[in-house]
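# Working through the structure, step by step
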Amino acid sequence: MQQQDVYFVDGVRTPFGKAGEKGVYWNTRADDLVVKATIGLLDRHPDLDRAAIDDVAIAATTQQGDQGLTIGRTAAILAGLPQSVPGYAIDRMCAGAMTAVTTVSGAIGIGAYDLALAGGVEHMGRHPMGFNSDPNPRFLAEKLVSPDALNMGCTAEKIHDRFPHLTKERADAYAVSSQHRAAKAYEQNLVQPDLIPVSAASAEGWKLVTRDELMRPESTIEGMKDLKTPFRPHGKVTAGNASPLTDGATISLIAGERALKQHNLKPRMRMVSFAFAGVAPEIMGIGPIPSTEKALGKAGLGISDIDIFEINEAFAIQVLSFLDHFGIADDDPRVNPWGGAIAFGHPLASSGVRLMNQLSRHFEANPKARYGMTTMCIGLGMGGTVIWENLGYKG
C-alpha cells in the first residue's frame, strides 16, 4: 500500500426538519433520509463508477429500528450501489459523521482505500438521544461521572458556571447573530445548492421539503430574555441559545489522489490533520478546545493560521468557551459565516459533514483563506477537530 493525500470532493444534505410529530419528517424513515442524500450526491457525479467505491460509512447515535441494521450497508443497497460495495455503521454521538469521514480518510491515507462515502443520519423524533440505553451502574456508584453528565443541557449550564464572564446575554447575542447570518445566507442562495429535496408524507399529503424547517430569522435579543431555562431554575441555557432537536442526513464523497486522477474528480479541499480528545463528561462542551490543540499540533499550525472556523453550535456557550480560550471575538467574521446549528439544527450524528460542506463553500468564495477548521463537542465528554486546506488558495 502507498500513502496518499485525502480530499473532500463533495457533500450534500437533506434539509433539516423539526423533530417530533409536528416535524416535516415524522412519517419519513431515517434510512430513507440518508438514502435520498446518497442518491442526490451520486447524481452529481454521473460518470463515477459506483463499483469503485471502497466503503460506505454511515453514523447514527441511536442505532435502533430504521437507524439500525448496519445502516452503512443497508443504505448502500437501498441507494442502488453494486452489492460488491460494503458498508458499516459508526457511533461517536454528535461527531458520528465527522468520525465516519476521518475513519475512511485514514484508510484512504494509508492506501487501503481510494474512494468512500461517509455521512450520518439522525431521526431524533423517532429515536431520541439515549433512548433505550442502559448506562452501567458503575458510572454513578463509583462516581465516574456526574449524575447529570448524560443531559447535554445540564453540561452546558456547567460551562456557564465555570466561566461566569460568558454570560447569558453573550450567549443570547451569539444565538441571534447565528440566526441572522443563516437567514442572510439563505437570501443569497448560498445554502440551497447543496440541499437534496426530500418527498415527505404528512396528514395533508405528500410535500417536497426544500428548506431547513427550524430557522428563526425574526429572533431578537429582547425576545430571548424571558425564555424558559429547562435544565435549571434561573439557568442560562434556553431553547433560543441552543440547537433544536432535529431530523436530517448528510453524506460526503472522500477520495485519495489516485481516485481523483482515475475518475477525473475535482476536490473542494484537502485534509491536513484531525484529532479527538476527551474531557470530563459533565463539561463535554469544552471538548473542542483540546481536540483543536491536538489537531493544530499535528499540522504544525497555530490558531492564527486558521482563516475560517465552522464550529458546531450545540449550545452558544460551548462556542463562546472555545472562542474565549483562543482569544477570538464573539462576533469574529471568520466564525460560522453562514450561521450554525442554532439556526439550521443539529441532527446529532449527521452534523459533522454539514460543517465540512459549508467550509468547502467558504473556501471557494475566499481564495485568500488557506486553512479552515471543522470542530464540535461530543457527548460523554469529547471533542473532535479536522483541519482542511483550501485547494483554491492564492495567497
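In this text, all values refer to a predicted model and were calculated from it rather than measured experimentally. (Residues numbered from 1 in each chain as written. Predicted model: local features only at pLDDT ≥ 70, side-chain atom pairs only at ≥ 80, totals over all residues. Heavy atoms only, no water.)

## Quick look at the overall build of the chain
How we decide: The helix and strand labels rest on DSSP assignments: H or I over at least four residues marks a helix, E over at least two residues marks a strand, and numbering proceeds from the N terminus. The globule rule used here is 2.2 Å times the number of residues to the 0.38 power, and the radius of gyration it is set against is calculated over C-alpha atoms. Burial here depends on accessible area, computed with a 1.4 Å probe over protein chains only, as a share of the maximum for the residue type. Under 20% is buried, over 50% is exposed, and the range in between is partly exposed. We call two residues in contact whenever any of their non-hydrogen atoms come within 4.5 Å of each other. Residue burial considers only the protein chains on display, and all accessible areas are found by Shrake-Rupley using a 1.4 Å probe.
Each helix and strand counted, the chain has 12 helices and 12 strands in total. Here the C-alpha radius of gyration of the chain, 20 Å, is about what a compact globule of 395 residues would show, namely 21 Å. Projected onto its principal axes, the C-alpha coordinates of the chain cover approximately 60 × 55 × 50 Å. Within the chain, buried positions represent 59% of all 395 residues. Taking contacts inside the chain between residues at least 6 apart in sequence as the whole, the part at least 24 apart equals 79%. Working note: accessible area of the chain is about 16,000 Å², and carbon and sulfur atoms make up 52% of it.

## Brief notes about the packing of helix 9 (residues 288-299) against helix 10 (residues 316-325)
Filter applied, for reference: Orientation is described by lines fitted to C-alpha atoms, with helices fitted over the stretch in contact, and by angles between N-to-C directions that extend from 0 to 180 degrees. These descriptions rest on fixed angle ranges, namely under 35 degrees for roughly parallel, over 145 for roughly antiparallel, 65 to 115 for roughly perpendicular, and the rest for oblique. As a working rule, the residues Ala, Val, Leu, Ile, Met, Phe, Trp, Tyr, Cys and Pro are called nonpolar, Asp, Glu, Lys and Arg charged, and the rest polar, with Gly in that last group.
Relative orientation of the contacting elements helix 9 and helix 10 amounts to 45°, with a least axis distance of 10 Å. As the angle between them shows, helix 9 and helix 10 are arranged oblique. Seen from helix 9, the contacting residues are Pro288, Ile289, Thr292 and Glu293; seen from helix 10, they are Gln318, Ser321, Phe322 and His325. In terms of residue class, the contact of helix 9 with helix 10 is made up of 3 nonpolar, 4 polar and 1 charged.

## Quick word on the packing of aromatic side chains
As a reminder of what qualifies: Classification of ring pairs rests on two measures: the distance between centres of Phe, Tyr or Trp rings, Trp counted by its six-membered ring, which must be within 6.5 Å, and the angle between planes, read as stacked under 30 degrees, edge-to-face over 60 and tilted in between.
One pass over the full model with this rule turns up 4 aromatic pairs. The interplanar angle of 55° and the centroid separation of 4.9 Å between the aromatic rings of Phe322 and Phe326 together place this pair among those described as tilted. As far as the burial class goes, Phe322 and Phe326 line up, both buried. Every member of this aromatic cluster is reached through a ring pair, and the members are Phe309, Phe322 and Phe326.

## Comments concerning helix 3 (residues 96-109)
Put simply, the test is: By this rule the span expected of a helix is its residue count minus one, scaled by 1.5 Å.
With 14 residues, helix 3 extends 20 Å from end C-alpha to end C-alpha; this agrees with the ideal 20 Å at 1.5 Å per step. Within helix 3, 12 of the 14 residues are buried, which leaves it mostly tucked inside the rest of the structure. Within the sequence span of helix 3, burial applies to Gly96, Ala97, Met98, Thr99, Ala100, Val101, Thr102, Val104, Ser105, Ala107, Ile108 and Gly109. One or two positions beyond helix 3, positive phi appears at Gly111, with a value near 90°.

## Some words on the nonpolar core
Let me state the cut-off plainly: The nonpolar core is taken to be a set of buried Ala, Val, Leu, Ile, Met, Phe, Trp, Tyr and Cys residues, with the residues joined through side-chain atoms within 4.5 Å.
Ranked by internal contacts, the top residues of the largest apolar core, which has 39 residues, are Phe309, Phe315 and Phe322. Considering each element in turn, this core owes the most residues, 6 residues, to helix 10. Grouped together as the second largest cluster of nonpolar side chains are 37 residues, Val35, Ala76, Leu117 and Ile251 included.

## Observations regarding the UniProt feature "active site" (unreviewed entry) in the chain
Short version of the rule: UniProt positions are given in the numbering used here, feature names are shortened, and annotations may be inferred rather than shown by experiment.
Here the UniProt feature "active site" (unreviewed entry) sits at Cys94, His346 and Cys377. Taking the farthest pair of C-alpha atoms as the criterion, the annotated set spanning 284 residues converges on one region, since that pair is 11.8 Å apart. Inspection of the secondary structure assignment puts His346 in the loop between helix 11 (341-344) and helix 12 (351-365). Relative accessible area serves as the criterion here: at 4%, His346 is assigned to the buried category. With sequence-adjacent residues up to four places away left out, His346 is seen in contact with Cys94, Met124, Ser243, Pro244, Thr246, Asn312, Ala314, Ala341, Ser351 and Met376. Secondary-structure assignment places Cys377 in strand 11 (residues 371-378). You can call Cys377 buried: its relative accessible area is 0%. Once residues lying within four places of it in the same chain are set aside, the contact partners of Cys377 are Cys94, Met284, Gly285, Pro288, Ala314, Gln318, Met382 and Gly383.

## Comments concerning the domain arrangement of the chain
To keep things clear, this is the line we draw: Domain delimitation follows an automatic or database domain assignment. In short, buried area is how much 1.4 Å probe accessible area vanishes from two parts on joining, totalled over both. Just to be clear on terms, a salt bridge is a Lys or Arg side-chain nitrogen sitting within 4 Å of an Asp or Glu carboxyl oxygen. Any N or O atom pair separated by 3.5 Å or less is treated as a polar contact, with the protein-specific requirement of one donor-capable and one acceptor-capable atom, and with residues adjacent in sequence counted only for side-chain atom pairs.
Domain boundaries assigned for the chain yield domain 1 (6-126 + 244-269) and domain 2 (137-191 + 272-387). With centres defined by C-alpha atoms, the gap from domain 1 to domain 2 works out at 22 Å. Of the roughly 2,600 Å² buried at the junction of domain 1 and domain 2 (both faces included), carbon and sulfur atoms supply 73%. Counting the surface domain 1 buries against domain 2, the share from its top three residues, Cys94, Met98 and Arg268, is 28%. Put simply, domain 1 and domain 2 have 0 salt bridges between them. Inspection of the domain 1/domain 2 interface yields 7 residue pairs in polar contact (both at pLDDT 80 or more). Elements supplying a minimum of two residues to the side of domain 1 that touches domain 2: strand 1 (6-13), helix 3, strand 5 (115-123) and strand 8 (246-256). Looking at the side of domain 1 that touches domain 2 element by element, the count peaks at 7 residues for strand 8. Per-class residue counts for the side of domain 1 that touches domain 2 are 18 nonpolar, 11 polar and 7 charged.

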